[in-house]
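Coordinates in review
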Amino acid sequence: MKRITLLTALLLCLLPLQARKEKKFTHETFPLPKVERQVIGIETENTALVLLVQENGELNTLHYGAPLGAAAQFLSKDTSSEDYNGARGLTYPATGGRFTGDPALHVKYADGSHNTELYYTGHTVTAGEGFTRTAIGLKDYVTGLEVTLVYDAYAKEDVIVAHTSLVNGGKKPVELLNYASSSLYLDADEYLLTHFHGSWAYDMQTESEVLGHDLKVIESRRGTQATQGNNPSFLLSLNTREFSETSGEVVAGALAWSGNFRLCFEKDDAHRLNVTAGISPFASAWPLEAGERFETPEMLYTYSAEGAGKASRNLHRWARKYGVYGGGAVNPTLLNSWEGAYFNFTTETLLRMMDDAAAMGLEMFVLDDGWFGNEFPRNGDNAGLGDWEVNTAKLPEGIDYLAQYAHSKDLKFGIWIEPEMVNPASVLAREHPEWVVQSPGREIYQGRNQWVLDLSNPAVQDFVFGIFDRTMQLAPNIDYIKWDCNRVIQSFGSPYLGVRQDRFYVAYCQGLYNVMRRIREQYPKVLIQCCSSGGGRIDYGSLRYCNEVWTSDNTDALSRAYIQYGTSLIYPACVMASHVSAVPNHQSGNVTPLKFRFDMACAGRLGMELQPRDLPADERALALRCIGSYKEYRDLVFGGDLYRLFSPYDGSYSALMYVSEDKSRAVVFTYCLHYEPRTVGGKTFRLQGLDPSRSYRVVEQNVDKSCWWGSGASFSGAFLMNGGFNPLLPRLYSSAVFVLEAD
Ligand code: GLA
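Keep in mind that what you see is a predicted model, and the values were worked out from it rather than measured.

Rules behind the numbers
Residues numbered from 1 in each chain as written. Predicted model: local features only at pLDDT ≥ 70, side-chain atom pairs only at ≥ 80, totals over all residues. Heavy atoms only, no water. Domains from an automatic or database assignment. Pairing = 2+ DSSP bridges. Helix = DSSP H or I, 4+ residues; strand = E, 2+ residues; numbered from the N terminus. Axes fitted to C-alpha atoms, helices over the stretch in contact; angles between N-to-C directions. Contact = heavy atoms within 4.5 Å. Parallel < 35°, antiparallel > 145°, perpendicular 65-115°, else oblique. Left-handed = near helix turned anticlockwise from the far one by under 90°. Nonpolar A, V, L, I, M, F, W, Y, C, P; charged D, E, K, R; others polar. Phe/Tyr/Trp six-rings, centres within 6.5 Å; stacked < 30°, edge-to-face > 60°. Buried < 20%, exposed > 50% of the residue type's maximum accessible area, 1.4 Å probe, protein only. Salt bridge = Lys/Arg side-chain N within 4 Å of Asp/Glu carboxyl O.

Each assigned domain of the protein chain is listed here: domain 1 (38–323), domain 2 (334–637) and domain 3 (645–742). Look at where the C-alpha atoms of domain 1 and domain 3 centre, and you get two points 39 Å apart.

Encoded structure:
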């Protein structure tokens, strides 16, 4: 007993000595350069991100939110009492040192160690087009790993785009186990997280939850169709348990990446929240040779002091100007052949559809799936993918003939491809089995009877580029390509990558972007729709190259109220393709009036997707009228500011409006989604975003008798925003669209 006590005492005496010795050893061997304590303010017109460089070189995040005046006021802030472990609030926390939380960066070094400690080396501020770039250098002095945190602050849009550049400055290879785009440290009492979930024909469903302590992870491991489950985006309402469109602080974020992603929300013991966003590290350790660099995808943030509505508008404004290919431009209305003809068409079928499209005032015809494959004709979803030559039995006159006919009718012409995929029943699968995503000795699972091509392989990238290129040559003026991607990756693996399988998921997405980049260099004008069984690729990574997304394979107007609401929280209406289809709806079986279907589709990029021949004359007349009026106000949908007036999740109605930037015009969409007693006497919606002092003439569209008593008259913006805009929407699926013009 005595001996144990003595031994313990001896150990206790030695421990601090040992600790001192280690500390001394580290600093003597790798002396940290002295740095000046300083504040780095990254500012937009209405937001500020404030970082602090500590004397020891650690970089901390002090604030993200409303502007504070000179950021330098933080210089003397005493952060020591807030810092129990000494590693709270690190701007880009790395595994190792004193940090024990969820890391943005986790590196494994050649000697097997996992410790990284990042210290400030300097920063630069430069001007870009529409933004100011702050690039902050950090370094791990033991291993030589260099990290640059890049923040592009878009002043006018109040959006900060962050990404990280990682360079192996050491002499030996390292492995990046976790390499987030960015980490954001927030300080509030409560966090209401709003995010998305879904599945096929059930995209972008909105869910909110109050974050507890510990880690909340939103992740996709699907490889392709990465966003059909959840979406790499979120909104965080601060200091509240209620979601509000119009009040309170909201931080919103979106990752520009179409592959596996991970968003982590870690609330610590002091209730602070660390949000880490980036590529999912799942099976994706990235090897970095000495001197090599890895650039993460970009992560977008915005902050609003006026609720979620403003946060969405910030993202939308940024997206229209910088984030979406051709963003903000008005794109044509169209008739798509899919739900009207599926695989069963001849040249004649398509010509007559074009006649009808033109007669209804539509502006483009899109030939969907089913036009290709000869040895393995694409007459169903079980054959032909990969063999992208025109099916001569179905379309003996070729695509050029169809495109010319469309153009002769003043219609643009578009065509569908799914270039990342191959059916086992295809010439391509026979000739290039090594191009298929697979793992040696294992079954290659099929989804929708198809396999995925291995885009990590440059030869496959060339092939996929070639599909696009050759399709564009099928006719002189192809105006639009619908790029589809109809399955997730399973039994993942690349014959091309050999033992470097860890690279597969990231290299696939990089390969996709390589192809898209080449396409845009060669075809800057063609409109591209990004489709992935509907909304499986709705993200700001693909939108850099694509003009729009196929929001969902679910065209039921009732379902669309929820899908489009969710999509609108993060993405602008200009990308939201929305089609009027037949009833009973092919996905849900629901039967809704044609007017309701139009009023829903007109809130995005309007199209139709049915056999027009099946419409009775009165419905065709209504279609003509709705399409005509849409063309008059659609610039507001494509380029205006969105105000969500009533959420479909909040009751029996749904309403939204778009307002021109100068507030001189607006369009309001109102819908009844569930029956309520007719005695309610009109649902009151308070309009938003108008100029209170201006007078607006309000006219309901596409009806002979309006459901609102004030249609045709003028009212002040103040009246419409504070008083009683109360259209009668008495029945299930009643709907009304109003255009407002300032007098
Ligand atoms: C996917 C798309 C549809 C349609 C079909 C064709 O499901 O989302 O719009 O193009 O493929 O096979």
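Additional details are given in the paragraphs that follow.
A word on the sheet that holds strand β31 (residues 641–646). Paired through their backbone hydrogen bonds, the strands of a sheet run either parallel or antiparallel. Strand order in the open sheet formed by 6 strands is β31-β32-β33-β36-β34-β35, with antiparallel pairing between adjacent strands. The sheet is open, and its two borders are formed by β31 and β35 (714–716), each paired with just one other strand. Across the sheet, the mean angle from the axis of one strand to that of its neighbour is 25 degrees, orientation sign disregarded. Both strand β34 (residues 695–700) and β35 contribute to a ladder of 3 bridges, which runs antiparallel. From the neighbouring strand, R697 faces β35, where its bridge partner is S714. Lying over the sheet, helix α10 (residues 594–601) contacts β33 (665–672), β34 and β36 (735–742), oriented at roughly 45 degrees with respect to β36.

The next thing to look at is the packing of helix α9 (residues 557–570) against α10. Where α9 contacts α10, the axes come no closer than 9 Å and their chain directions differ by 20 degrees. As judged from the angle between their axes, α9 and α10 are roughly parallel. Every pair of crossing elements has a handedness; the one defined by α9 and α10 is left-handed. Contacts between α9 and α10 pair A557, L558, R560, A561 and Q564 from the former with F596, R597 and M600 from the latter. Of the residues contributing to the contact of α9 with α10, the split by class is 5 nonpolar, 1 polar and 2 charged.

With that settled, consider the packing of aromatic side chains. Summed over all chains, the structure comprises 45 aromatic pairs. With a centroid separation of 5.9 Å and an interplanar angle of 50 degrees, the aromatic rings of W371 and W388 are classed as tilted. Of the two residues, W371 is situated in the loop between β22 (364–367) and α5 (398–408) and W388 in the loop between β22 and α5; the sequence distance between them amounts to 17 residues. Here W371 and W388 have matching classes, each one buried. The interplanar angle of 35 degrees and the centroid separation of 6.3 Å between the aromatic rings of F468 and W483 together place this pair among those described as tilted. Here F468, found in helix α7 (residues 458–472), pairs with W483, found in strand β26 (residues 480–483); they are 15 residues apart in sequence, far enough to count as distant.

The next thing to look at is the sheet that holds strand β2 (residues 48–53). Across the sheet, which stays open at both edges, the 3 strands sit in the order β1-β2-β3 with antiparallel pairing between neighbours. Every other strand in the sheet has two partners, leaving β1 (38–43) and β3 (59–65) as the edge strands with one partner each. Neighbour-to-neighbour, the strand axes of the sheet open up by a mean angle of 20 degrees, direction not taken into account. Looking at chain direction, β1 and β2 are connected through 6 bridges and run antiparallel.

Further remarks concern the pattern of salt bridges. Summed over all chains, the structure comprises 31 salt bridges. When the shortest N-O distance is used, the salt bridge between E209 and K216 registers 3.2 Å. For D704, the salt bridge identified is with R625, shortest N-O distance 3.2 Å. Residue D704 is found in the loop between β34 and β35, and its partner R625 is found in helix α11 (residues 617–639); the two are separated by 79 residues along the sequence. A relative accessible area of 76% places D704 in the exposed class. Judged by its relative accessible area of 36%, R625 is partly exposed. Residues joined in a network through salt bridges with shared partners are E348, R352, D355 and K409.

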